[in-house]
Amino acid sequence: MKRIAGLLCVVAVFALAGAAFAQADLSVFPIGTTKMVYNIRTEDMTQAMTLELSVTARGDGTYTVRMVTEETGTEDELGSFGFMGGMTSVSTSGHDVSYTSLEALMDQRSRLQEGQEYLLPGGGAFTSITGATVAGVWCLQGTLVDPDEPDTRTTVAFALSSPVYISPLIRVEELRSGQWVEVFSLELVEYTVSGS
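In this report, we go over the structure that sits alongside the text.

### Points about the nonpolar core
Now for step 1: In this structure, M36, Y38, L53, V164, L186 and L188 are the most contacted members of the largest nonpolar core, which totals 26 residues.
Now for step 2: At the level of elements, β1 (32–42), β2 (49–57), β8 (137–145), β9 (152–159), β10 (169–176) and β11 (179–194) are the ones that each hand at least two residues to this core.
Now for step 3: The biggest single contributor to this core is β11, with five residues.
Now for step 4: Counting ten residues, the second-largest nonpolar core is a separate cluster that includes L105, L112, F126 and V156.

The structure is reproduced here in structure tokens:
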């Protein structure tokens, strides 16, 4: 349960940190409402949690950001539902996955190229970069590898074709008995833009 709570905190940080983790500045969202729906899963959950974010751009320099979460589960599963705030990393079975090293990549995502490898501060790398479409949004996705955490890998997608508030895909896997096991995922499952 502590692991789920920590993972949900990360979602809150991504959603609320704005400039630090938002994949697009509010000013690039089109006039009207952009709706982004994500499924969040951990290995301990029987059903995905839904996170709905909407950005309404009015054209007069004002914006409304709305966040709604929904989860169905047992009492134990729902005990950690919500946002506890304050974390900027995912903790999974004692491994910490920091997104600080990805901030530069996020800012420079339009310069990323498929098939390339990018070294990150602290000795990590962003590798296996491929093009992918996630809920209709064209992305480049790759794998974050950290030599200090060889039994953990994180796949992250950077949106290129459309503005999003949170990465279209974040997947954390742990190596267990020679097999990679998904322990956390946040994936964009719906993306719509409605009129002004």
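### Focus: the environment of T69
Now for step 1: Relative to the helices and strands, T69 resides in strand β3 (residues 63–70).
Now for step 2: Classification of T69 by relative accessible area gives partly exposed; the value is 22%.

### Side note on the sheet that holds β2
One key point about sheets: their strands pair by backbone hydrogen bonds, in either a parallel or an antiparallel sense.
Now for step 1: Strand order in the open sheet formed by nine strands is β3-β2-β1-β11-β10-β9-β8-β7-β6, with antiparallel pairing between adjacent strands. Taken across any chain shown, the strands that pair with only one partner, and hence form the sheet edges, are β3 and β6 (118–119).
Now for step 2: Pairing between β2 and β3: eight bridges, direction antiparallel. Bridged to E52 within β3 is V68.

Thresholds applied
- Residues numbered from 1 in each chain as written.
- Predicted model: local features only at pLDDT ≥ 70, side-chain atom pairs only at ≥ 80, totals over all residues.
- Heavy atoms only, no water.
- Core = buried A, V, L, I, M, F, W, Y, C linked by side-chain atoms within 4.5 Å.
- Buried < 20%, exposed > 50% of the residue type's maximum accessible area, 1.4 Å probe, protein only.
- Helix = DSSP H or I, 4+ residues; strand = E, 2+ residues; numbered from the N terminus.
- Pairing = 2+ DSSP bridges.

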